[in-house]
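Chain and residue survey
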Amino acid sequence: MNRFWTRSAKPLPAWPETDTFELVEAPMPVPGPGQALTRTIYVSLDPYQWGYKKRSVEAPGAPCHARTVAQVVDSRMDGFTAGDLVFNTNGWAEYGLMGEGVDRPTYMVPRKLDPAHGRISQAVGVLGLLGLTAYAGMVLLGQPAAGECVVVSAASGGVGQIAGQLARLRGARVVGIAGREAKCRYVVETLSFDACVSHLSSSFTEDLRAACPKGVDVYFENVGGPVFDAVLPLFNARARMTICGLIAHYGDTEGGDARAALMRRGAAVFEARGVEVHDLFVGDYVTDWHDAFLREMAPLVAAGQVRYREDIRQGLDCVPACFSEMLRGDNFGKMLVQVSPDPTL
């Protein structure tokens, strides 16, 4: 049997609750022509997955969507054999199919993994689409230059920690925004950001201004809400802002457009100072940039020039609780759940 989590029949709340998901058992999938059966090793938990649920992207009764690292068990798919390690999209499940006719986002293309290039868990993190997200949003869109001031919100999270380090490697002054003090220390002491301020502080706005005495040239937005409001008055002329996520608004219930509301709040400053605002969808960069990104990033990670923290929990049963924790920002690093043994460890 195959165990997996699916959405329950309960109405979807603003944020996940204990009865939002249901653990079910179903017969083991059988691969057809052009398909492979894979055993999930790591499940990646990311904020965008809540948006999938709110937009009813997932079919009723199907496993909740997620990017995964898996191992091929049985293959009728050209180029893949039993034992191969792969990036795919099994979701919140112990097993899943990949290949012809298997539903997945078009840009999440299954690929074979080489453990010599880095820990296989990193294929859903710094050496995967998460890393490409940071690269596209910071390097390609933000274009930080030496001496400029770059601010990254959710700086200790899966994308933020990569984006900030990429800016630092290009000579920018990098200021992170994080939550509790341990995260702020990690951002400065381990990731080598120039400063990090806590959005939980009662003096957050003043702390951020003090950390950016010459204003902000590039802002990597993961949060929105009061964090954006604190950054807004600090934008310099011709600043660049990349909107990667707006996690503060993922629980909004009034049905409004969070990005549109953010643009309205910032319109006067954006126009007066010529601020460029870029939307970021990683799928736009997979075809042209994924391989080039990996060629640049893998050696940086291997050499310790880009550091990356993972928050790995154990067991399929804990996935919904870990997902809620991640949405609240209570995790520390890229949130993963390991659901079966990693043969490379």
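What comes next concerns the included structure. Predicted, not measured: the structure shown is a model, and the values here were computed from it.

1. Structural notes on the overall build of the protein
Within the protein one finds nine helices and 15 strands. Its C-alpha atoms give the protein a radius of gyration of 20 Å, near enough to 20 Å, the size a compact globule of 345 residues would have. The C-alpha extent of the protein, read off along each of the three principal axes, is 60 × 45 × 35 Å. Taken across its 345 residues, the protein has 56% of its residues classed as buried. Restricting the contact set of the protein to residue pairs at least 6 apart, pairs at least 24 apart contribute 69%.

2. Brief notes about the state of the cysteines
As enumerated under the stated definition, the model contains zero disulfides in all. In this structure C196 is not part of a disulfide, and its nearest cysteine sulfur, from C184, lies 3.6 Å away. Given the relative accessible area of 16%, C196 is considered buried. Note on C244: no disulfide assigned, nearest cysteine sulfur contributed by C196 at a separation of 17 Å.

3. A closer look at the packing of helix α2 (residues 129–142) against helix α8 (residues 286–302)
Direction vectors running N to C along α2 and α8 enclose 100°, while the axes themselves pass 10 Å from each other. It follows that α2 is roughly perpendicular to α8 by the angle criterion. Counting all contacts with α2, which are made through L129, G131, L132, Y135 and L140, the residues of α8 involved are V286, W289, H290, F293 and E296. Residue composition of the contact of α2 with α8, grouped by class: seven nonpolar, two polar and one charged.

4. Some remarks on the nonpolar core
In this structure, V126, M138, V150, V152 and M297 are the most contacted members of the largest nonpolar core, which totals 57 residues. If sequence neighbours within four positions are ignored, V152 has contacts with M138, G160, G164, V174, V175, G176, I177, F193, F220 and N222. W5, V175, C212 and M326 belong to the second-largest nonpolar core, a separate cluster that totals 46 residues.

5. Notes on the pattern of salt bridges
Summed over all chains, the structure comprises 13 salt bridges. Between E58 and K53 there is a salt bridge whose closest N-O contact spans 2.9 Å. Measuring nitrogen to oxygen at the nearest pair gives 2.7 Å for the salt bridge that ties E148 to R240. Of this pair, E148 sits in the loop between α2 and β8 (149–153) while R240 is found in strand β12 (residues 235–243), placing the two residues 92 residues apart along the sequence. The burial state of E148 is the same as that of R240; both residues are buried. Linked by salt bridges that have partners in common, R3, E94 and D317 make up one network.

6. What about the sheet that holds strand β9 (residues 173–178)?
The strands that make up a sheet are held in pairs by hydrogen bonds between backbone atoms, and each pair lies either parallel or antiparallel. Read from one edge to the other, the open sheet built from six strands follows the order β10-β9-β8-β11-β12-β13, with strand pairing classed as parallel. Only two strands of the sheet have a single partner each, and these edge strands are β10 (195–198) and β13 (276–279). Sheet twist, expressed as the mean angle between neighbouring strand axes with direction ignored, is 15°. Each of β8, β9 and β11 (216–221) is contacted by helix α3 (residues 160–169), which is oriented at about 170° to β8, the strand it contacts most.

Here is what the cut-offs are and how they apply
- Residues numbered from 1 in each chain as written.
- Predicted model: local features only at pLDDT ≥ 70, side-chain atom pairs only at ≥ 80, totals over all residues.
- Heavy atoms only, no water.
- Helix = DSSP H or I, 4+ residues; strand = E, 2+ residues; numbered from the N terminus.
- Rg over C-alpha atoms; globule rule 2.2 N^0.38 Å.
- Buried < 20%, exposed > 50% of the residue type's maximum accessible area, 1.4 Å probe, protein only.
- Contact = heavy atoms within 4.5 Å.
- Disulfide = S-S within 2.5 Å.
- Axes fitted to C-alpha atoms, helices over the stretch in contact; angles between N-to-C directions.
- Parallel < 35°, antiparallel > 145°, perpendicular 65-115°, else oblique.
- Nonpolar A, V, L, I, M, F, W, Y, C, P; charged D, E, K, R; others polar.
- Core = buried A, V, L, I, M, F, W, Y, C linked by side-chain atoms within 4.5 Å.
- Salt bridge = Lys/Arg side-chain N within 4 Å of Asp/Glu carboxyl O.
- Pairing = 2+ DSSP bridges.

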